[in-house]
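So the chains spell out like this:
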Amino acid sequence: TGNRAGCVLTPAQTEGPYFVDERLDRSDVREDPATGAARSGAVLTLDLGVAAVDGARCMQLRGAIVDIWQCDALGNYSDVNDSRGQRFLRGYQATDANGRVRFTTIYPGAYPGRAVHIHFKIRAAGAGRNTEFTSQFYFDDALTDRVHAMGVYAGAAQRRTRNARDGLYRGGGS
């Protein structure tokens, strides 16, 4: 009845090789905190609700740590390979009393072999134990085509793997 939000169950997926726990508590992840330089790209706001399923109930998860990390418009991750020591497009927040966090980032670029995505990890404590869940957000191919036609993303379409060809997406990413 009414407009009640329910749970959307998301399958766990690999954290991948690029997770680095930078301990950056921040909502705007576009800048490298050491230099203040922001990554160029289409601004994207992620407004996320985090819940746990307990039987048939969907319960908002308060105080959970939500990390995100992603590549820039050119397909590069911070603090790996040639970008060691840089910390752009990474950060975490704790969920509020309603189980929500909000990040400001950019629309991800592309790199060969993977569909466009943003990684996330949720860490929660409860019942005397710590729980960790990792997965990825994917984007509609038509939307990505439009975004990647813009200047800073030039050439991204040639590097990009479409969702249907990405093995992780096919394994539950939709």
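Residues numbered from 1 in each chain as written. Predicted model: local features only at pLDDT ≥ 70, side-chain atom pairs only at ≥ 80, totals over all residues. Heavy atoms only, no water.

1. A look at the environment of S78
Right, on to step 1. If you trace the backbone, S78 turns up in the loop between β4 (65-69) and β5 (90-94).
Right, on to step 2. The sequence separation of S78 and R30 amounts to 48 residues, and the corresponding C-alpha distance is 11 Å.
Right, on to step 3. Those residues in contact with S78 that lie beyond four places of it in its chain are S83, Q86, R87, F88 and R90.
Right, on to step 4. From its side chain, S78 meets the backbone oxygen of F88 in a polar contact 2.8 Å long. (Helix = DSSP H or I, 4+ residues; strand = E, 2+ residues; numbered from the N terminus. Contact = heavy atoms within 4.5 Å. Polar contact = N/O pair within 3.5 Å; in protein donor to acceptor, adjacent residues only side chain to side chain.)

2. Quick word on the confidence of the model for the protein
Detailed reading of the predicted coordinates is not advisable wherever pLDDT falls low.
Right, on to step 1. With 92% of its residues at a pLDDT of 70 or more, the protein has an overall mean of 89.
Right, on to step 2. Averaged over each element, pLDDT in the protein is lowest for helix α2 (residues 156-159) (72) and highest for strand β6 (residues 100-106) (98). (pLDDT = per-residue confidence, 0-100.)

3. Things to note about empty space enclosed by the protein
Right, on to step 1. Summed over the entire model, instances satisfying the criterion amount to one cavity of 30 Å³ or more.
Right, on to step 2. Reported here for the largest cavity is a volume of approximately 60 Å³.
Right, on to step 3. Along its surface, the largest cavity is lined by F19, V20, E22, R23, L24, D67, I68, W69, R90, G91 and Y92.
Right, on to step 4. Contributing elements (two or more residues each) for the lining of the largest cavity: β4 and β5.
Right, on to step 5. Among the residues forming the lining of the largest cavity, the class breakdown is six nonpolar, one polar and four charged. (1 Å grid on protein atoms, 1.4 Å probe; cavity = no way out; pocket = protein on both sides within 12 Å on 5 of 7 lines; lining within 4 Å. Points joined across faces, edges and corners; volume = space filled by probe spheres on them. Nonpolar A, V, L, I, M, F, W, Y, C, P; charged D, E, K, R; others polar.)

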